[in-house]
Amino acid sequence: MVSEDVLRTHLQELRRGTVVVASLVALRRPDYGYALLQRLSDHGFPVDANTLYPLLRRLEDQGLLTSEWNTEESRPRKFYRTSDEGESMLNRLLDDLAAVQTSITGLIQGVDR
Amino acid sequence: MNTLTDRYLAATLRSVPAQRRDEIATELRASIEDMIDDRTGGGADPTVAEREVLTELGNPDELAARYADRRLQLIGPTYYLVWLRLLKLLLSFIPALVGTIVAIVKVAEGSGFGAIGPGIVVALHVAVHIAFWLTVTFAIIERSQTTVDLPGWTVDQLPDAPVHRGIPLADTVASVIMLVLTIAYLPFQHYQSWVRGTDGENIPLLDPALWSFWLPALIVVLAGSAVVEIVKYRIAHWTWTLFGVRALLSLAFAVPLMWLALTDRLLNPALGERLSWLANADNRNVLGATIAVGAAVVVVWDLIDTAVKTRRQTA
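Residues numbered from 1 in each chain as written. Chains lettered and ligands numbered in written order. Predicted model: local features only at pLDDT ≥ 70, side-chain atom pairs only at ≥ 80, totals over all residues.

Student: Help me understand the overall build of chain A, please; the structure alone is not making it clear to me.
Tutor: Along the backbone of chain A there are five helices and three strands. When the helices and strands of chain A are read in sequence order from the N terminus, they spell out α-α-β-α-α-β-β-α. Taken over 113 residues, chain A has a buried fraction of 21%. Taking as baseline every contact in chain A between residues at least 6 positions apart, the subset at least 24 positions apart corresponds to 42%. (Helix = DSSP H or I, 4+ residues; strand = E, 2+ residues; numbered from the N terminus. Buried ≥ 20, exposed ≤ 12 C-beta atoms within 10 Å, placed from the backbone. Contact = placed C-beta atoms within 7 Å.)

Okay, structure coming up:
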């Protein structure tokens, strides 16, 4: 029986990069931090708040997200949206994710490429 | 107003870059309030909800480090191995070297055995300084944005695999300890031989006149032998060059010893005053001959033994 710790570490490793992909996809529709967190976890991407909030800033610094302050509601919220640059990088990432899936399937079925 | 949230924000913002502090503060506060609202909406007590949310966000220093993209390590994997190698290299000889120099200076000032203490203290100080300053330097390199261009690893750096270690570590350690003890005994017997004169003063076993040349010369030879033992361990097997050096050093120790013993110059003449047996010239000659024969047997046996080992290990 594999220990819970080992399993958790490997799952974490496997999930790490997918948070970026999921965020870029989700933010094709603009959203603010906590709402994005909930949307992601509703869609099976549970992510810690202390990981997601700094990540959004980093993606913004890298030019993959743009942001806009919305001050109309009860409290000011920063809405993020995937930029054109973010969109083109997202496509590359999605292609790669699909390629990984294809490779794994091929490997499981024992088919040579 | 000094709520838990205020304190949490202050603690987090303390270590994020100043130019974005306000923006992060506004956004983080909104996010925290969103999270609290979500819980109180489900019927939770606001104070409990606040505590839960802040606990979930975790240590503010850690969160700040994520915002600032700062590394939570003193020396990361990029520099760790270089740091470790340099540390080992520097610690392997500098403290011992400086300590020895200090001890020698103290001896020259006439401290005798009192020189050992300051030597060890200085060596320890030097070791601590090396470790501290090297680590500080690497920690700064780690935090500066400039990447230091380290030479990449190549296969040529691979050390020889110790396929067959012909020299066990225990043998080397034992030999070196024996040599060091012998070296230490030479000055030691001068001050403390447990043979006392009539008025209680110490009588050295070896003739004090030998300190003018022969005893220092023998000490140098013994020190050389210790170096050969260490070199031999590093090479990990006997070679004919090593055999030659070792044979030369053995002879350089044994031949003067035998000569001094045979010409009755080895032992302190003053010993005859206390040990009447030694006052007799014939007895002294017998003792000298015994020492000389003993030394000769040891050297010949050692040379044959090493020659056999060298032959086997170079074959």
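Student: What am I meant to see in the overall build of chain B here?
Tutor: On a plain count of helices and strands, chain B comes out with twelve helices and zero strands. Across chain B, helices and strands are ordered from the amino to the carboxyl terminus as α-α-α-α-α-α-α-α-α-α-α-α. By the burial criterion, 15% of the 315 residues in chain B qualify as buried. Across chain B, contacts joining residues at least 24 apart in sequence account for 66% of those joining residues at least 6 apart.

Student: Any chance you could explain the interface of chain B and chain A here in plain terms?
Tutor: Reports of interface size often rely on the accessible area that becomes lost once the parts have come together. With 15 residues of chain B in contact, the opposing surface of chain A contributes twelve residues. For the side of chain B that touches chain A, the secondary-structure elements that each account for two or more residues are α2 (21–41), α3 (46–57) and α4 (60–68) of chain B. Of the residues forming the side of chain B that touches chain A, the biggest block, eight residues, is contributed by α2 of chain B.

Student: Please explain the nonpolar core as it appears in this structure.
Tutor: Membership of the largest hydrophobic core comes to 25 residues, with the highest contact counts inside it found for L65 of chain A together with M35 of chain B. Looking at this core, the elements with two or more residues in it are α3 (33–42) and α4 (49–61) of chain A together with α2, α3 and α4 of chain B. Aside from chain neighbours lying at most four places away, what touches M35 of chain B is Y34 and A49 of chain A together with V53 of chain B. The next biggest cluster of nonpolar side chains, apart from the first, holds 15 residues, and it includes L206, L210, A254 and L266 of chain B. (Core = buried A, V, L, I, M, F, W, Y, C linked by C-beta atoms within 7 Å.)

Student: Please explain helix α7 (residues 169–191) of chain B as it appears in this structure.
Tutor: Residues spaced three or four apart along an α-helix face the same direction, because each turn holds 3.6 residues. End to end, α7 of chain B covers 33 Å across 23 residues, agreeing with the expected 33 Å (1.5 Å per residue, within 8%). Y185 of chain B marks where α7 of chain B bends most, by close to 30°; the proline P187 of chain B follows one to four residues later. (Expected span 1.5 Å × (residues − 1). Bend = angle between axes of the 7 residues up to and from the residue.)

Student: When you look at helix α1 (residues 4–16) of chain A in this model, what are you seeing that I'm missing?
Tutor: Relative to the 18 Å expected for 13 residues at 1.5 Å per residue, α1 of chain A spans 18 Å between its end C-alpha atoms, a close match to the ideal helical length. Taken across its 13 residues, α1 of chain A has zero buried, putting it largely on the surface.

Student: Hey, could you run me through the packing of α4 of chain A against α4 of chain B in this one?
Tutor: The axes of two packed helices give the description: the angle between them and the distance between them. Relative orientation of the contacting elements α4 of chain A and α4 of chain B amounts to 25°, with a least axis distance of 8 Å. Taken together, the axes of α4 of chain A and α4 of chain B are roughly parallel relative to one another. Between α4 of chain A and α4 of chain B lies a crossing of right-handed hand. Within the contact between the two elements, α4 of chain A uses N50, P54 and R57 of chain A and α4 of chain B uses L63, R66 and Y67 of chain B. The residue makeup of the contact of α4 of chain A with α4 of chain B, split by class, is three nonpolar, one polar and two charged. (Axes fitted to C-alpha atoms, helices over the stretch in contact; angles between N-to-C directions. Parallel < 35°, antiparallel > 145°, perpendicular 65-115°, else oblique. Left-handed = near helix turned anticlockwise from the far one by under 90°. Nonpolar A, V, L, I, M, F, W, Y, C, P; charged D, E, K, R; others polar.)

Student: Whenever I open this one, the UniProt feature "transmembrane region" (unreviewed entry) in chain B confuses me. Can you help?
Tutor: All names here are of chain B. Under the UniProt annotation, the feature "transmembrane region" (unreviewed entry) is placed at residues 89–108, 120–141, 169–188, 208–231, 243–262 and 286–304. Spanning residues 89–108, this segment combines 100% helix with 0% strand, and its end C-alpha atoms are found 29 Å apart. Annotation note: span residues 169–188, helix share 100%, strand share 0%, distance between end C-alpha atoms 28 Å. (UniProt positions renumbered as here; feature names shortened; annotations may be inferred.)

Student: Can you walk me through the pairing of strand β3 (residues 77–82) of chain A in this structure?
Tutor: A regular strand places its side chains so that they alternate between the two faces of the sheet. All names here are of chain A. Bridging between strand β1 (residues 31–32) and β3 involves two bridges; their strand directions are antiparallel. Across the sheet, the residue bridging to Y32 is F79, located in β3. Bridge analysis of strand β2 (residues 65–70) against β3 gives six bridges, and the strand direction is antiparallel. For N70, the partnering residue across the bridge sits in β3 and is R77. Hairpin geometry of β2 and β3 is characterised by an intervening segment of six residues between the two adjacent antiparallel strands. (Pairing = 2+ DSSP bridges.)

Student: Would you mind showing me how to read the environment of G119 of chain B here?
Tutor: Examined against the element boundaries, G119 of chain B turns out to sit in helix α6 (residues 116–143). Each residue touching G119 of chain B, except ones within four places of it in the same chain, is listed here: G99, T100, V102, A103 and K106 of chain B.

Student: Explanation requested: the sheet that holds β3 of chain A in the structure shown.
Tutor: Spatially, the three strands line up as an open sheet ordered β1-β3-β2 (chain A), and their pairing is antiparallel. Since the sheet does not close on itself, it has two edges, and those belong to β1 and β2 of chain A, each with one partner.

Student: Where do I start with the environment of M178 of chain B in this structure?
Tutor: Residue and element names in this part refer to chain B. Secondary-structure assignment places M178 in helix α7. According to the C-beta neighbour criterion, M178 is partly exposed, with 14 such atoms within 10 Å. Along the primary structure M178 and L222 are separated by 44 residues, whereas in three dimensions their C-alpha atoms are 9.9 Å apart.

Student: Please clarify how unusual backbone geometry should be interpreted in this entry.
Tutor: Apart from glycine, the bulk of residues carry a negative phi angle, and the bulk of peptide bonds sit in the trans form. Notably, D264 of chain B is not glycine yet its phi reads approximately 60°, a positive angle. When you line up the elements, D264 of chain B lands in the loop between α9 (240–262) and α10 (271–274).

Student: Which parts of the structure should I look at to understand the packing of helix α2 (residues 18–26) of chain A against helix α5 (residues 84–109) of chain A?
Tutor: All names here are of chain A. Orientation of α2 relative to α5, taken along the N-to-C sense of each, is 130°, at an axis distance of 10 Å. Looking at the two axes, α2 sits oblique to α5. The hand of the α2/α5 crossing is left-handed. Packed against α2, whose contacting residues are V21, L24 and V25, the element α5 presents G86, L90, L93, L94 and L97 at the interface. Its residues assigned to classes, the contact of α2 with α5 comprises seven nonpolar, one polar and no charged.

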